[in-house]
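# An overview of the molecular structure
The primary structure of each chain is shown beneath.
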Amino acid sequence: MAGGQKHWDDVYGARSEDALTWFEATPAVSLDLVRDHLQPGEPFIDIGVGASRLVDVLIDEGFGPLTVLDLSAAALAVSRQRLGPRADDVAWIEADITTWEPDRYYAVWHDRAVFHFLTAAEDRASYTRALSAALRPGGIAIIATFADDGPEKCSGLPIARYEPEDLARELARLLPGQFETIDARRHMHITPKGNRQSFQYSVFRKAVP
Ligand SMILES: C[S@@+](CC[C@H](N)C(=O)[O-])C[C@H]1O[C@@H](n2cnc3c(N)ncnc32)[C@H](O)[C@@H]1O
């Protein structure tokens, strides 16, 4: 797979978190959507958390249990260091989402800018297997990717761009009958250098058998 652990460890080792193109001082859209669907006491997981500050706000607002997962030990180290003692309020998983085997259910799954790196069909199939295994019936998946008019690369790697309908179609192909779209938003992210990146955020609910 393009963009393995070494790529991401080098990225997070080379630059401070607020210089990365995907940096958000406040992850406002993610927060809005998570607050809409997560109740305190319900388990939450952020896939490919990187150095995102979403988890900081969720701790402050009394959400939890919180889990974060990333391929990159360097990325997790940045987040741990920033959180300081509050890192103990979070479960940390260093894993590749395409091989990870969840051992519990989550109520809400959040992924900003990870699924779009999965340009190989078998990696998308593996991701959705993990998603299906990790999310409880009735659980919510929030998946943000570059939109159709977004950049063609991220962190120097090729990506796949999606409109919400494309993403819904891909999920339906890989996990027939399991997910329905319940919300979709567009968002123009402004990078630290002032460039515009068009994102889509889709919210899916897992069917209750
Ligand atoms: C563009 S960054 C986004 C980080 C974070 N979600 C945010 O919004 O700030 C992509 C992140 O996904 C992680 N990543 C890439 N491929 C992955 C994989 N196969 N499994 C787990 N994490 C992965 C990278 O290490 C990186 O932290």
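Anything mentioned here points back to the structure above.
Predicted model, so just to flag it, every value in this text is computed and none were measured. (Residues numbered from 1 in each chain as written. Predicted model: local features only at pLDDT ≥ 70, side-chain atom pairs only at ≥ 80, totals over all residues. Heavy atoms only, no water.)

## Remarks on the packing of helix α5 (residues 121–134) against helix α6 (residues 164–174)
Inclusion rule: Between N-to-C directions, angles span 0 to 180 degrees; the directions come from axes that are lines fitted to C-alpha atoms, helices contributing only their stretch in contact. By the criteria applied, helices consist of DSSP H or I runs no shorter than four residues and strands consist of E runs no shorter than two, each listed in order from the N terminus. These descriptions rest on fixed angle ranges, namely under 35 degrees for roughly parallel, over 145 for roughly antiparallel, 65 to 115 for roughly perpendicular, and the rest for oblique. Two residues form a contact once any of their heavy atoms are found within 4.5 Å. Note on residue classes: Ala, Val, Leu, Ile, Met, Phe, Trp, Tyr, Cys and Pro are nonpolar, Asp, Glu, Lys and Arg are charged, and everything else, Gly too, is polar.
Packing of α5 against α6 leaves a shortest axis separation of 10 Å and a crossing angle of 80 degrees. Here α6 runs roughly perpendicular to α5, going by the angle between their axes. Mapping the contact onto sequence places Arg124, Ala125, Thr128 and Leu131 in α5 and Glu170, Leu171 and Leu174 in α6. Of the residues in the contact of α5 with α6, the class split is 4 nonpolar, 1 polar and 2 charged.

## Some words on the side chain of aspartate 56
Our working definition: Note on classification: 1.4 Å probe, protein chains only; a residue is buried when its accessible area is under 20% of the maximum for its type, exposed when over 50%, partly exposed between these limits.
Mapped onto the elements, aspartate 56 comes out in helix α3 (residues 54–60). For aspartate 56, a relative accessible area of 10% gives the class buried. Beyond its immediate chain neighbours, meaning those up to four positions away, aspartate 56 contacts Arg82, Leu83 and Arg86.

## Observations concerning the pairing of strand β4 (residues 106–112)
To keep things clear, this is the line we draw: Strands were regarded as paired on the criterion that DSSP finds at least two bridges between them. Classification remark: right-handed applies to a crossover when, strands pointing away from the viewer, the course from the first strand over the helix to the second runs clockwise.
Here β4 lies mainly inside the structure; 7 of its 7 residues are buried. Two elements, strand β1 (residues 44–47) and β4, share 4 bridges in a ladder whose sense is parallel. Each residue of the ladder has a partner; that of isoleucine 45, found in β4, is tryptophan 109. Two elements, β4 and strand β5 (residues 135–146), share 6 bridges in a ladder whose sense is parallel. Across the sheet, tyrosine 106 pairs through a bridge with leucine 135, a residue of β5. One crossover worth recording links β4 to the parallel β5 by way of α5, and it is right-handed.

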